[in-house]
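Observations on the three-dimensional arrangement
Chain by chain, the residues:
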Amino acid sequence: MELVQWVVGRFKIYQIIEIEAGDVIQESLPDATPEAIRQIEWLRPHYATDDGRLMAVVQSFLVCGDGLTLLVDTCVGNEKRRVDLTAWNNLQTDFLGTLRRAGC
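Notes on the structure in this doc start here. All figures in this text were calculated on a predicted structure; none of them were measured in a lab.

1. Re the packing of aromatic side chains
We describe a pair of aromatic rings using the distance from one ring centre to the other and the angle between the two ring planes. The full count for this structure, using the stated rule, is two aromatic pairs. Seen in terms of ring centroids, tryptophan 42 and tyrosine 47 are 6.3 Å apart; in terms of plane orientation they differ by 65 degrees. Their pairing is edge-to-face. Residue class for tryptophan 42 comes out exposed when judged on its relative accessible area of 64%. Its relative accessible area of 45% is what places tyrosine 47 among the partly exposed residues.

Dropping the structure here:
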């Protein structure tokens, strides 16, 4: 997966994607049928596909500059038991590897 970054003043901000989560989120919302999603026009093209599938990621942001590094971590996490959400049960992602590729 491509490492996306932005430069804001003296700071670099890296997007650290843990997992793509559109399907899991849509499955968790019973009323989020493809038909219902297609009716919400502002969701396309950034948050939903034309065929009514939600697009989402679980992500963190790494902010680097002026000798400082800040991790804004909003991720799910590896190796956690989640019996009610099997798609995220005992995840094994390359989150730490992505942080290393960002220079952390």
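On we go from here.
2. Digging into the sheet that holds strand S1 (residues 4–8)
Read across the sheet, four strands follow the order S1-S2-S3-S4 without closing on themselves; strand pairing throughout is antiparallel. Single-partner strands in this sheet number two, and they are S1 and strand S4 (68–73). Taking the axes of each pair of neighbouring strands and ignoring which way they run, one obtains an average angle of 20 degrees across the sheet. Inspection of the sheet shows strand S3 (residues 57–65) paired to S4 by six bridges, in the antiparallel sense. Residue pairing in the sheet places valine 63 in a bridge with leucine 70 of S4.

3. Looking at the environment of threonine 86
Within the secondary structure, threonine 86 sits in the loop between S4 and helix H3 (95–101). The class for threonine 86 is exposed, based on a relative accessible area of 64%. C-alpha of threonine 86 to C-alpha of valine 24: the two residues are 62 residues apart in sequence and 9.3 Å apart in space.

4. Some remarks on the pairing of S1
With five bridges joining them, S1 and strand S2 (residues 11–20) adopt antiparallel strand pairing. Looking at S2, one finds that glutamine 5 is bridged to tyrosine 14. The antiparallel hairpin formed by S1 and S2 contains two residues in its connecting segment, where glycine 9 sits at a positive phi of about 60 degrees.

Criteria and thresholds
- Residues numbered from 1 in each chain as written.
- Predicted model: local features only at pLDDT ≥ 70, side-chain atom pairs only at ≥ 80, totals over all residues.
- Heavy atoms only, no water.
- Phe/Tyr/Trp six-rings, centres within 6.5 Å; stacked < 30°, edge-to-face > 60°.
- Buried < 20%, exposed > 50% of the residue type's maximum accessible area, 1.4 Å probe, protein only.
- Pairing = 2+ DSSP bridges.
- Helix = DSSP H or I, 4+ residues; strand = E, 2+ residues; numbered from the N terminus.
- Axes fitted to C-alpha atoms, helices over the stretch in contact; angles between N-to-C directions.

Remember, this is a structural readout, not a statement about activity or role.
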